[in-house]
Amino acid sequence: MTEVKRSFNTMAVGDTQAQTFDSLGDTLDKSLLRALRRMGFEYMTPVQQKVLAELPSLSSDCLVQAKTGTGKTAAFLLPAIQNLLQGNQPPKGQVGILVLCPTRELALQIAKECDQITACLPSKLECHTAFGGTARASNLQKFFKGTPTVLVATPGRLDDILSEEAVREKFANLRTVVLDEADRMLDQGFAPAIHKILKRIPPKSDGWQGMCFSATIPAKVDDVAKCVLFPGYTSLSTIDPNEAPTVDKVPQYSITVPHVRHTFGALFALIQNEYKQNPNDFKVIVFGTTANGVGLLHDLFEELLPEFKIFELHSRMSQSTRTRTTEEFKNTSSGILFASDVVGRGMDFPNVGLVIQAGLPSSVEQYIHRVGRTARAGKDGRAVTILFENEAFFVSVHKQLPIQPYPVDIISGLKESQAVVENGFKSVREEAKAKAYQAFLGYNKTYLKKLRLDAKDLVKISNEYAATMGCLEPPLIDKKVVGKMGLKGVPGLRIGSRKAE
Ligand SMILES: Nc1ncnc2c1ncn2[C@@H]1O[C@H](COP(=O)(O)OP(=O)(O)OP(=O)(O)O)[C@@H](O)[C@H]1O
């Protein structure tokens, strides 16, 4: 196999010059070094250098923060695997390293990197995955038949399979637990599953190593992280507290359009303008706010931009299609991916040159992680966020983000681009529009205060959004859904079943 040199040698750790992995002959097993060379990893990235040099021992507990796309995956896999190789292998068939991460796509990506890192070991070190959307029974059968020394899992499925005693027994000799995207793993969404998992694996007092990694570590995560870290754990960061938390190499811009309906036209004009400036290997991710909103953008832009390869990735797709599309977009040299936050964190799509966020990001952390899908592994990238007036507070509130107004005038040409968009919408299915309309209402309902809107205004702008899509009247919404959204009695909604239409 040829060696591809993908070097981070320009990235020093503070004042220290980047070092080669080969200089770690005393720390890392020769087979791991050989595999790293094969992967094209010659120099350590700052976070890899810090972890491998500054951890008191390879099995020490740690909380590690480093910017997106700077090699955190290898930074946790290498010490954990090396620790096993130093005589700490669990008995055959037992799980030694458990990695928890938020999405299925990320679990597969981490498992792939683990396989690459262990590829030159004299005997195979198996890495298994466990995540939802796949056949539970056949997955478990593979797990029991094989020797899953490493398991990369999402919390829901792991919690589910740990209800079986035979599965729990596989964890009796655990050496390391990693929380990748630790802040996400410990937030309200995942924390209940994580706590249940922690009750079902051996207690922390058994001495397993805890490792928490993320590009964003809010102060409060420190408290929660303690459930996997012993007091006195090592805290490492490659980010200066006065520095912007996003990758320095990414110029970040925003475009504020007067009304939400202009978001489509602005996105169309922006893509065209960016393509004009950088036509070679034009590889872009456009993040939308909801899965159905992303589905709609995908359907629309497939009509509007037939000359581009268009992809979509969101939670309303089957797992097999998600996995296939992830691989295709990883391997393509150009194309536009319309995505929801299922790929907002951790995913490594090589050579994405531009990230666009259409609509309000759900949090500043989410913004930072999405921007981090570009400028990875030392490459360049750009990021543009399109907001409508009520959403523009995002830029003024988060002054730590180096966001500038987009340097090209998109607004004065909006009329023409809107006309093209409205024409494109004629070919989009009514069902896709209705779903996007409902998702738009639901998403923005949770941000009413920040958007400085009341429920009545929200329905009004949602109906304008529907009109832009070419809906002659607002799509019907089920009475139950309206109740769940807390919009009962708000004027302007059309209540009823779409099935009956
Ligand atoms: N030492 C290295 N030399 C060259 N390339 C590297 C090195 N370490 C990692 N990479 C590459 O850099 C890219 C980003 O790595 P990785 O996905 O681990 O980043 P990350 O810090 O975990 O990002 P995120 O915060 O988005 O999860 C990957 O393509 C990976 O193969």
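Computed from a predicted model, the values in this text were never measured in an experiment.

(A) Summary view of the overall build of the protein chain. Along its length, the protein chain carries 20 helices and 14 strands. Here the C-alpha radius of gyration of the protein chain, 24 Å, is about what a compact globule of 501 residues would show, namely 23 Å. Overall, the C-alpha framework of the protein chain stretches about 70 × 50 × 40 Å when taken along its three principal axes. For the protein chain, contacts bridging at least 24 residues in sequence account for 77% of all contacts bridging at least 6. Here the protein chain displays about 21600 Å² of accessible surface, and carbon together with sulfur accounts for 50% of that area. In the protein chain, the 61 positive side-chain charges and the 53 negative ones have mean positions that sit 4 Å from each other.

(B) Geometry of the packing of helix H3 (residues 72-88) against helix H4 (residues 104-117). Running from N to C, H3 and H4 cross one another at 50°; their axes reach a closest spacing of 10 Å. Between H3 and H4, the interaxial angle falls into the category oblique. The handedness of the crossing between H3 and H4 comes out as right-handed. Across from Thr73, Ala74, Phe76, Leu77, Leu78 and Ile81 in H3, the residues of H4 making contact are Ile110, Glu113, Cys114 and Ile117.

(C) Here's a closer look at the environment of Ser23. Looking at the secondary structure, you find Ser23 in the segment before helix H1 (30-39). What makes Ser23 partly exposed here is its relative accessible area of 46%. Taking C-alpha positions, Ser23 is 11 Å from Ala53, a pair spaced 30 residues apart along the chain. A distance of 2.6 Å separates the side chain of Ser23 from the backbone oxygen of Thr20, its partner in a polar contact.

(D) Up close: the domain arrangement of the protein chain. If you check the domain split of the protein chain, you get domain 1 (2-237), domain 2 (246-427) and domain 3 (432-495). Each of domain 2 and domain 3 was reduced to a C-alpha centroid, and the two centroids are 23 Å apart. Contacts between the two partners involve 20 residues from domain 2 and, on the opposite side, 18 residues from domain 3. Contact between domain 2 and domain 3 buries roughly 1700 Å² in total, counting both sides, with carbon and sulfur atoms accounting for 68%.

(E) Here's a closer look at the packing of aromatic side chains. Taken as a whole and judged by the stated rule, the model has 16 aromatic pairs. Taken together, a centroid distance of 5.8 Å and an interplanar angle of 85° make the contact between Tyr253 and Tyr406 edge-to-face. With Tyr253 in strand E8 (residues 252-257) and Tyr406 in the loop between strand E14 (403-405) and helix H16 (414-425), the pair connects residues that are 153 residues apart, well separated along the chain. Relative accessible area serves as the criterion here: at 8%, Tyr406 is assigned to the buried category. An angle of 65° between the planes, with centres 5.2 Å apart, marks the rings of Phe311 and Phe329 as edge-to-face. Taken as a pair, Phe311 in strand E10 (residues 310-313) and Phe329 in helix H13 (residues 319-331) lie far apart in primary sequence, 18 residues in all.

(F) Spatial organisation of the UniProt feature "domain: Helicase ATP-binding" (unreviewed entry) in the protein chain. Under the local residue numbering, the UniProt record ascribes the feature "domain: Helicase ATP-binding" (unreviewed entry) to residues 53-235. As annotated, residues 53-235 comprises 40% helix and 16% strand, and the C-alpha atoms at either end are separated by 13 Å.

(G) Quick look at the packing of helix H17 (residues 430-445) against helix H19 (residues 455-468). Direction vectors running N to C along H17 and H19 enclose 150°, while the axes themselves pass 10 Å from each other. Classified by the angle between their axes, H17 and H19 sit roughly antiparallel to one another. For the element pair H17 and H19, the recorded crossing hand is right-handed. Contact residues: H17 offers Ala436, Tyr437, Phe440, Leu441, Asn444 and Lys445, while H19 offers Leu458, Val459, Ile461, Ser462, Asn463, Tyr465 and Ala466. Class assignment for the residues of the contact of H17 with H19 results in nine nonpolar, three polar and one charged.

(H) Structural context of the UniProt feature "domain: DEAD-box RNA helicase Q" (unreviewed entry) in the protein chain. Look at the UniProt record and you will see "domain: DEAD-box RNA helicase Q" (unreviewed entry) annotated at residues 21-49. Helix makes up 48% of residues 21-49 and strand makes up 0%, while its end C-alpha atoms are separated by 9 Å.

(I) Region of the structure containing the nonpolar core. In this structure, Phe301 and Ile336 are the most contacted members of the largest nonpolar core, which totals 74 residues. Sort the elements by how many residues they give to this core and helix H11 (residues 262-277) lands first, with seven residues. Summarising the domain contributions, this core has at least three residues from each of domain 2 (246-427) and domain 3 (432-495). Residue contacts for Phe301: discarding those within four places in its chain leaves Phe264, Leu267, Phe268, Ile271, Ile310 and Phe338. Within the second largest apolar cluster, 57 residues are counted, among which are Val64, Cys127, Val152 and Phe349.

(J) Looking closely at the side chain of Thr68. Take Thr68: it is sitting in the loop between strand E1 (62-65) and H3. Residue contacts for Thr68: discarding those within four places in its chain leaves Ala215, Val247, Ile368, His369, Gly372, Arg373 and Arg376.

(K) Expanded view of the sheet that holds E8. Strand order in this open sheet of seven strands is E10-E11-E9-E12-E13-E8-E14, and the pairing throughout is parallel. With one partner strand each, in any of the chains shown, E10 and E14 form the two edges of the open sheet. Here the strands of the sheet are splayed against their neighbours by 25° on average, with no regard to which way each runs. Across five bridges, the pairing between strand E9 (residues 283-287) and strand E11 (residues 335-339) is parallel. The residue bridging Val286 from the neighbouring strand is Phe338, located in E11. Sitting on the sheet, H13 is in contact with E9, E10 and E11, with an inclination near 135° to E10.

Basis of the calculations
Residues numbered from 1 in each chain as written. Predicted model: local features only at pLDDT ≥ 70, side-chain atom pairs only at ≥ 80, totals over all residues. Heavy atoms only, no water. Helix = DSSP H or I, 4+ residues; strand = E, 2+ residues; numbered from the N terminus. Rg over C-alpha atoms; globule rule 2.2 N^0.38 Å. Contact = heavy atoms within 4.5 Å. Areas by Shrake-Rupley, 256 points an atom, 1.4 Å probe, with all protein chains shown as cover. Lys, Arg positive; Asp, Glu negative; His and termini not counted. Charge placed at Lys NZ, Arg CZ, Asp CG, Glu CD. Axes fitted to C-alpha atoms, helices over the stretch in contact; angles between N-to-C directions. Parallel < 35°, antiparallel > 145°, perpendicular 65-115°, else oblique. Left-handed = near helix turned anticlockwise from the far one by under 90°. Buried < 20%, exposed > 50% of the residue type's maximum accessible area, 1.4 Å probe, protein only. Polar contact = N/O pair within 3.5 Å; in protein donor to acceptor, adjacent residues only side chain to side chain. Domains from an automatic or database assignment. Buried area = accessible area lost by both parts, 1.4 Å probe. Phe/Tyr/Trp six-rings, centres within 6.5 Å; stacked < 30°, edge-to-face > 60°. UniProt positions renumbered as here; feature names shortened; annotations may be inferred. Nonpolar A, V, L, I, M, F, W, Y, C, P; charged D, E, K, R; others polar. Core = buried A, V, L, I, M, F, W, Y, C linked by side-chain atoms within 4.5 Å. Pairing = 2+ DSSP bridges.

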